[in-house]
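Listed below are the residues making up each chain.
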Amino acid sequence: MRIRHVGFLGLGLMGSRMARNLAAKGFEVTVWNRTRARAEALAPLGVRVASTPAEVARDVDALCTCVADVPALREVALGASGLLSTARAGQLFIDFSTVSVPLVRELGAAFGEKGVEVIDAPVTGSKNGAEKGTLVIMAGGSDAALARAEPVFKAVGEKVVHCGPLGAGTQVKLAGNSLIAAMLQAFSEGLLLTSKAGVDPRRFIEVVQASGFRSPYFDFKGKALLERDFSTHFEVDLMHKDLSLLLENAATHRVPTPTAASLRETYALARAAGKGQADIGAVITTFEELCGHRIGQGTKG
Ligand code: NA7
C-alpha cells in the first residue's frame, strides 16, 4: 500500500524540520509532540495536530518517530496511549531516533504481532541536513519495507544506506556518531593547543584542510569555534546519550572501545559544567576555562 498519510511524533530540532519537509513534499501529515506548542507551530502548513500518539496511529499509513532517547521512544510507542494501542496491520513504523538495538528489536516484535513492519532509520546531517532534506539515513529492515519507505526517505534525506535487518541501522549509527565526537575533540584540542602556544589557529585549520584527513566537518566547526558560534546543531546531552549507548552495545559484543569511553567522560565533564543543552562544539570551552585561554585569543583577525 502506497504511503500517503504520515504520522510524525517528536518535533524537536530534527523532527520538526523533517515533518515540514514531508508536508512540503505533498504528504498528508498528522503530528504529535509531548510539548504541544511545538506541534501547533506546524499547523499553518496544513498539518493536523493530534492529542496522543494513539490518535496519530488511528489514521495514518506510516508512523514516524524522532524522539530523544530510549525512555521517550518506549513511552511514545508502547506507553498507555502509545502507538501500539491503535496501530493496524499494513502500517509501516519508521523510527528516526537514535536508540538502542535491543529496543528497536523489541518494537519489531511488538508491532510485528499486529502486522506492522518496523524500520530503524537513524539519521546523520544534524539540523542543517534536516532543514534542507539532505540527511543520510542508515536503515535496518526488510527489502520490502525499505521499498515502501522510499518516498518518505526521499522527502527527508538524500541518501539511504540499507545496513541490514532491523537493528543494523542503529548499529551503524552508534559506531558513526563516536567518530564525529572523536574528530571534533581532536580538532578542538589541536586548535586550543596551537592557539595557546601563540600560533594562529587558522594556520592549523589550513594545514588540516590541505591534508589527506581533511573534512567538510572541520570547515563547519572550525568557523563556528573561531567565531564563538555555539548555536545548537547537536546537543551535548544527546551525544553523551549516544556514546553511552555505544559503550553498552560494545560491551554486549565484547569489543573494547577505549576512545569512546574517554569521549563519553569528556561529554560528562561538559554536562557537569552545565553545558548539556549546548552544541557539541561547546565541549572544548570547558578545557579553555581550565587552561585560561580561548581559541583565537590574542590572534589578529
Ligand atoms: P531534541 O531537539 O532534543 O528533541 C527531542 C524530541 O523528543 C522532542 O520532540 C521532545 O519533546 C521529545 N521527547 C523527549 N522526551 C520525551 C518523552 N519522555 N516522551 C515523549 N517525547 C519526548 O532532539 P533532536 O531533534 O536533535 O534529536 C532527536 C533524535 O534524533 C535523537 O535520538 C538524536 O540522538 C537523533 P518535547 O518537545 O521536549 O516535549
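Keep in mind it's a predicted model, so treat the numbers as computed, not measured. (Residues numbered from 1 in each chain as written. Predicted model: local features only at pLDDT ≥ 70, side-chain atom pairs only at ≥ 80, totals over all residues. Heavy atoms only, no water.)

> Honestly, the site of the ligand in this entry has me stumped. Any pointers?
Lining the immediate environment of the ligand, one finds 20 residues, of which Leu13, Asn33, Thr35, Arg38 and Lys241 sit closest. For the ligand, an oxygen atom lies 3.3 Å from a polar atom in the backbone of Gly12. Between the ligand and Arg34, the relevant distance is 2.9 Å, taken from an oxygen atom to a side-chain nitrogen or oxygen of the residue. Considering the ligand on its own, with 800 Å² of exposed area, one finds that the protein chains cover 87% of that surface. Sorting the residues of the shell around the ligand by element identifies helix H4 (70–78) and helix H11 (236–252) as the ones contributing at least two each. With three residues, H11 is the largest single contributor of residues to the shell around the ligand. When the residues that make up the shell around the ligand are grouped by side-chain class, the tally is 10 nonpolar, six polar and four charged. (Near = heavy atom within 4 Å. Polar contact = N/O pair within 3.5 Å; in protein donor to acceptor, adjacent residues only side chain to side chain. Areas by Shrake-Rupley, 256 points an atom, 1.4 Å probe, with all protein chains shown as cover. Helix = DSSP H or I, 4+ residues; strand = E, 2+ residues; numbered from the N terminus. Nonpolar A, V, L, I, M, F, W, Y, C, P; charged D, E, K, R; others polar.)

> What should I look at first to understand the pairing of strand E9 (residues 157–164) in this one?
The side chains of a regular strand alternate between both faces of the sheet. As paired elements, strand E8 (residues 135–140) and E9 share six bridges and run parallel to each other. Paired with Ile137 across the bridge in E9 is Val160. (Pairing = 2+ DSSP bridges.)

> When you look at the nonpolar core in this model, what are you seeing that I'm missing?
Counting 36 residues, the largest nonpolar core has Phe8, Met18, Val31, Phe96 and Phe153 as the members making the most contacts within it. Of all the secondary-structure elements, those providing two or more residues to this core are strand E1 (5–9), helix H1 (15–24), strand E2 (28–32), strand E4 (62–65), strand E5 (92–95), E8 and helix H7 (143–156). Considering every element that reaches this core, the biggest residue donor is H7, with seven residues. When near neighbours in sequence (up to four residues on either side) are disregarded, Val31 contacts Phe8, Leu11, Ala19, Ala39, Leu42, Val47, Arg48, Val49, Ala50 and Val56. (Core = buried A, V, L, I, M, F, W, Y, C linked by side-chain atoms within 4.5 Å. Buried < 20%, exposed > 50% of the residue type's maximum accessible area, 1.4 Å probe, protein only. Contact = heavy atoms within 4.5 Å.)

> Help me understand the packing of aromatic side chains in this model?
For any pair of aromatic rings, the description consists of the separation of the ring centres together with the inter-plane angle of the planes. The final tally for this structure, using the stated rule, is five aromatic pairs. A centroid spacing of 6.2 Å and a plane angle of 10° characterise the contact between Phe8 and Phe96, whose relative ring orientation is stacked. With a gap of 88 residues between them, Phe8 in strand E1 and Phe96 in the loop between E5 and helix H5 (101–112) connect regions that are remote in the sequence. On the numbers, 6.0 Å between centres and 35° between planes, the contact of Phe187 with Phe204 is tilted. (Phe/Tyr/Trp six-rings, centres within 6.5 Å; stacked < 30°, edge-to-face > 60°.)

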